[in-house]
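# Residue-level structure breakdown
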Amino acid sequence: MPIYAGLEAGGTKFVCAIARGPDEILLREQFPTTTPNETIQRTVDFFRNQPHPLDALGIGSFGPLDPHPASPTYGYITKTPKPGWSNTDLAGPLRQALNIPVAFDTDVNAAALGEYRWGAAQGLETFVYMTVGTGIGGGAFANRRLLHGLMHPEMGHILIPHDRQRDPYPGFCPFHGDCLEGLAAGPALEGRWGRKGQELPPEHPAWALEAHYLALGLEALFTILSPQRVILGGGVMQQPHLLPMVRDELLRLLNGYLQIPVLLHEINRLIVPPALGSNTGVLGAIALAETALQPAG
Ligand code: ADP
Ligand code: ZN
């Protein structure tokens, strides 16, 4: 059985793992994301200085990035607000150092693939994995393959209605201000209420507003992509009362338009947490690594 290397390259930390699958994670290490040189070197060192022969590497990375193998900047993080990381070749140096096939995609596409392979999206044709953490990102799996298109989806940056009377907070997105991410990712909770999400009690009005914004995002997703499931992960979703509020608010916003039995009667099965828990990201990278050994198609 092949042994895979997985890298979850995040804006705050890199998580590396060596695994055969979800039940056989042989090694796992994480370290903070510093400069590109230092962080990539540490990743190379981790994968080199361990005893297992590696068959392929999967990288799920923060972006925006170039996921198109035929492009000259394939494997690069392209233009990112993260200081120092714009135009960084991430996949290239790792492929050269380890000399194994590499698959490269967004962190959320990787997480989607991991949930498809072993988690909450097994057997589905079309679904979305969305994370609500430091930012908001979504990976789309459509007609049994990851969706890229022009670049890759950037679902966190959709523009949603913003009632400034109800919510004067301007949003924190450096590009759009009050896009979905700007209004509803973790830093928006802190910016609006002066306290981090983990410190806001369940009865705080923050949560109804948060559920409203996330449901607006889901309304767009369900009407555009018609996903058979949406998996909602990330730090902010660890608030157990939030997911039921989001489901209720989505039904309210849809206002009976989509007459789909699972939506109307079993929404608990339609909008779900990740099944792989805190390993979703790195197992997603392992699932990507598997694809590096499969013929294209
Ligand atoms: P990242 O997006 O950087 O990978 P996370 O998904 O953990 O990491 O997201 C971090 C954000 O989530 C922070 O803004 C933090 O305040 C928020 N957060 C983390 N844990 C919780 C929690 N239990 N409840 C609400 N918000 C949380
Ligand atoms: Zn934005």
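Here the structure is a predicted model, which means the values were calculated and not measured. (Residues numbered from 1 in each chain as written. Chains lettered and ligands numbered in written order. Predicted model: local features only at pLDDT ≥ 70, side-chain atom pairs only at ≥ 80, totals over all residues. Heavy atoms only, no water.)

## Focus: the site of ligand 1
Quick note on the threshold: Summary of the distance rule: residues count as near a molecule or strand when at least one heavy atom falls within 4 Å of that molecule or strand. Counting of polar contacts relies on pairs of N or O atoms within 3.5 Å, with two restrictions inside protein: one atom must be capable of donating a hydrogen and the other of accepting it, and residues adjacent in sequence are counted only when both atoms are side-chain atoms. For accessible areas, the Shrake-Rupley method is used with a probe of radius 1.4 Å. Any residue's cover is judged against the shown protein chains and nothing else. Asp, Glu, Lys and Arg are counted as charged, while Ala, Val, Leu, Ile, Met, Phe, Trp, Tyr, Cys and Pro are counted as nonpolar; the rest, among them Gly, fall into the polar class.
All residues in the neighbourhood of ligand 1 are listed as Thr12, Gly133, Thr134, Gly186, Pro187, Gly197, Gln198, Gly234, Gly235, Val236, Gln238 and Gln239. Contacts to ligand 1 include Gln239, whose side-chain N or O atom sits 2.8 Å from a nitrogen atom. Burial of ligand 1 by the protein chains amounts to 69% of its free accessible area of 560 Å². Looking at side-chain class alone, the shell around ligand 1 contains 2 nonpolar, 10 polar and no charged residues.

## What about the domain arrangement of the protein chain?
Keep this limit in mind: The domain limits used here are those given by an automatic or database domain assignment. We call two residues in contact whenever any of their non-hydrogen atoms come within 4.5 Å of each other. Defined here as a combined quantity, buried area equals the accessible surface (1.4 Å probe) lost by two parts on assembly, summed across both. We define a salt bridge as a contact between a side-chain nitrogen of Lys or Arg and a carboxyl oxygen of Asp or Glu at a distance within 4 Å.
Looking at the protein chain, the domain boundaries give domain 1 (4-110 + 278-292) and domain 2 (123-273). The distance between the C-alpha centroids of domain 1 and domain 2 comes to 26 Å. With 11 residues of domain 1 at the contact, the number on the domain 2 side is 15 residues. Contact between domain 1 and domain 2 buries roughly 1,000 Å² in total, counting both sides, with carbon and sulfur atoms accounting for 66%. When residues of domain 1 are sorted by the area they lose upon contact with domain 2, His68, Val108 and Asn109 head the list and together hold 48% of the total. Linking domain 1 with domain 2 are 0 salt bridges, by the criterion used here.

## Observations regarding the side chain of Arg229
To keep it simple, the criterion reads: Each helix corresponds to a stretch of at least 4 residues labelled H or I by DSSP, and each strand to a stretch of at least 2 residues labelled E; elements are numbered beginning at the N terminus.
Here Arg229 is to be found in the loop between helix H6 (206-225) and strand S11 (230-233). A polar contact is formed between the side chain of Arg229 and the backbone oxygen of Ala120, at a distance of 2.8 Å. For Arg229, the residues in contact, after removing those within four places along its chain, are Ala120, Ala121, Leu124, Thr126, Phe127, Val128, Arg269, Leu270 and Val272.

## Here's the deal with the packing of aromatic side chains
For clarity, the cut-off: Stacked, edge-to-face and tilted are the three classes for Phe, Tyr and Trp ring pairs, Trp counted by its six-membered ring, which pair at centre distances within 6.5 Å; planes under 30 degrees apart are stacked, over 60 edge-to-face, the rest tilted. For the exposure calls, accessible area comes from a 1.4 Å probe over protein chains only, and a residue counts as buried if that area is under 20% of its type's maximum, exposed if over 50%, partly exposed in between.
Under the definition given, this model contains 8 aromatic pairs. Aromatic side chains Phe14 and Trp85 sit 5.9 Å apart centroid to centroid with 45° between the ring planes, which places their arrangement in the tilted category. Separated by 71 residues along the polypeptide, Phe14 in strand S2 (residues 13-21) and Trp85 in the loop between strand S5 (76-77) and strand S6 (88-89) bring together distant segments of the chain. For the pair formed by Phe14 and Trp85, the shared burial category is buried. Pairing Tyr74 with Phe104 gives two aromatic rings, centres 6.0 Å apart and planes at 85°, and the pair type is edge-to-face. Here Tyr74, found in the loop between strand S4 (56-61) and S5, pairs with Phe104, found in strand S7 (residues 102-106); they are 30 residues apart in sequence, far enough to count as distant. Accessibility expressed as a relative area gives 17% for Tyr74, which makes it buried. Cluster of aromatic residues (ring-pair linked, three or more members): Phe14, Phe31, Phe62 and Trp85.

## Overview of H6
Put simply, the rule is: One less than the residue count of a helix, multiplied by 1.5 Å, gives the span that helix is expected to have.
Compared with an ideal rise of 1.5 Å per residue, which puts 20 residues at 28 Å, H6 spans 28 Å between its outermost C-alpha atoms and is within 8% of the ideal. In terms of burial, H6 is largely enclosed, as 15 of its 20 residues are buried. Positive backbone phi, approximately 50°, marks Ser226, located one or two places after H6.

## Notes on the coordination of the zinc ion (ligand 2)
Rules: Any N, O or S atom lying within 2.8 Å of the metal counts as a donor, with the limit raised to 3.2 Å for Na, K and Ca; because water is left out of the atom set, some sites can appear incomplete. Think of it this way: with four donors and all angles in the 85 to 135 degree range, the site is tetrahedral; with four or six donors, opposite ones beyond 155 degrees and the rest between 65 and 115, it is square planar or octahedral; otherwise it is irregular.
The zinc ion (ligand 2) binds to the protein through His157 (ND1), Cys173 (SG), His176 (ND1) and Cys179 (SG), with metal-donor distances spanning 2.1 to 2.3 Å. What the 4 donor atoms of the zinc ion (ligand 2) show is an angle range of 101 to 119° at the metal, which sorts the shape as tetrahedral. We note that the donor set of the zinc ion (ligand 2) lies within a single chain, spaced as H-x15-C-x2-H-x2-C. You can see His157 sitting in the loop between strand S10 (145-146) and helix H4 (180-184) and its partner Cys173 sitting in the loop between S10 and H4, a full 16 residues away along the chain. For His157, a relative accessible area of 22% corresponds to the partly exposed category.

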